[in-house]
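# Inside the fold
Next come the chains, spelled out residue by residue.
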Amino acid sequence: MKIIFSPSKTQSVHPLPYLADTVFASLRYPKITRKIASNLRQMTKEELSFSMRIHGKLLDETYALIHTHQPTCHAIELFRGVAYEQLALSTFTSAEFDYLENHLRILCAYYGILTPFTEVSPYRLDFTIRNFVLNLTQLWKATIQKELRSEDLIIDLASSEYSSLVDRHVENVHAILFLVQKGNAVSKPPSYEVKRMRGQLLNFMVETKVETIEELRTFDRYGYRIDASRSDTKRSVFVRCIEERE
């Protein structure tokens, strides 16, 4: 079983003391990453601004990331977005970190596919980049699908931008949905809450060593519980019911 997850744009190289002795895993596809990096370095600042839709300080920082040497850390230490903030890394046991390394796969436009312990540097790149000489989706999609094809089960905790890299028509991909029900009305939660719940579910899976759909469906946090009527063999739907007065 593998769990696919999105990276986050919020990044910081801040090594965690409890991972100080953890050996780095190597990049799976360094040649592709070097090809991407080489093409990024050939872009002017103006081209980067247009392609990435960034300006000012963020543009300066991104240009510096591309053209200067950056420190490295484990992938799980680099990403600092909402979903990653839900992981209680400081309390994880060795067995829980082993579970995380063996099961979690972070999909991204720069490195392709990462394990939590892969050695990485900060970067800024996603699949929405415009007018880039390389088609990043085509570049990575077949590679990622080939790597995950042999898995008996893939739990999809990624955003649509990244989960689209995986062939959703194959039997082994299991989608996770979060919904809010108020009276008879059912809607999607705000983006922030979806990210938080993906992180919470991942943290739950690590802590309880989930290996099956049945175990995953015992998740019950922040008011979200499995809705058996909306779930099936291809997806698990967690619903939070709120009172009308809310």
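That block above? That's the structure.
These notes cover the structure that comes with them. None of the values given here were measured: they were computed from a predicted structure.

## Notes on the layout of surface pockets
Left-over empty space is what a probe sized like a water molecule reveals as it rolls over the atoms. Its boundaries defined by the atoms lining it, the largest pocket holds a volume of some 690 Å³. Around the largest pocket, the lining is made up of 30 residues, and of these Pro7, Ser8, Lys9, Tyr162 and Lys195 lie nearest the centre. Those elements giving two or more residues to the lining of the largest pocket turn out to be helix H2 (45–52), helix H5 (82–85), helix H8 (160–163) and helix H9 (191–208). Take the lining of the largest pocket: its biggest share by element is 4 residues, from H9. Split by residue class, the lining of the largest pocket holds 13 nonpolar, 10 polar and 7 charged. If you add up the space inside the second largest pocket, you get close to 440 Å³. Broken down by element, the lining of the second largest pocket gets its largest block of residues, 6 residues, from helix H1 (residues 30–41). Here the lining of the second largest pocket is built from residues that sort into 12 nonpolar, 6 polar and 4 charged.

## Regarding the packing of aromatic side chains
In this structure the tally under the stated criterion is 15 aromatic pairs. With a centroid separation of 5.3 Å and 85° between ring planes, the pair formed by Phe5 and Tyr84 is classed as edge-to-face. Highlighted residues: Phe5 in strand E1 (residues 2–5) and Tyr84 in helix H5, separated in sequence by 79 residues. Across this residue pair, the class does not change: Phe5 and Tyr84 are buried. Summarising the aromatic geometry, the rings of Phe178 and Tyr224 are spaced 5.5 Å apart at their centres and angled 85° between planes, so their arrangement reads as edge-to-face. In this pair, Phe178 is assigned in strand E7 (residues 173–182) and Tyr224 in strand E9 (residues 224–226), connecting sequence segments 46 residues apart. According to the relative accessible area criterion, Phe178 is buried, its value standing at 5%. A relative accessible area of 0% means that Tyr224 is categorised as buried.

## Here's the deal with the packing of H1 against helix H7 (residues 136–148)
Between H1 and H7, the least distance of the axes is 12 Å, while the angle of their chain directions is 175°. Judged on the interaxial angle alone, H7 and H1 are roughly antiparallel. Contacts from Ile32, Thr33 and Ile36 in H1 reach Leu136, Leu139, Trp140 and Thr143 in H7. Its residues placed into classes, the contact of H1 with H7 shows 5 nonpolar, 2 polar and no charged.

About the cut-offs
- Residues numbered from 1 in each chain as written.
- Predicted model: local features only at pLDDT ≥ 70, side-chain atom pairs only at ≥ 80, totals over all residues.
- Heavy atoms only, no water.
- 1 Å grid on protein atoms, 1.4 Å probe; cavity = no way out; pocket = protein on both sides within 12 Å on 5 of 7 lines; lining within 4 Å.
- Points joined across faces, edges and corners; volume = space filled by probe spheres on them.
- Helix = DSSP H or I, 4+ residues; strand = E, 2+ residues; numbered from the N terminus.
- Nonpolar A, V, L, I, M, F, W, Y, C, P; charged D, E, K, R; others polar.
- Phe/Tyr/Trp six-rings, centres within 6.5 Å; stacked < 30°, edge-to-face > 60°.
- Buried < 20%, exposed > 50% of the residue type's maximum accessible area, 1.4 Å probe, protein only.
- Axes fitted to C-alpha atoms, helices over the stretch in contact; angles between N-to-C directions.
- Parallel < 35°, antiparallel > 145°, perpendicular 65-115°, else oblique.
- Contact = heavy atoms within 4.5 Å.

Honestly, that's just the spatial picture; any functional story needs more than this.
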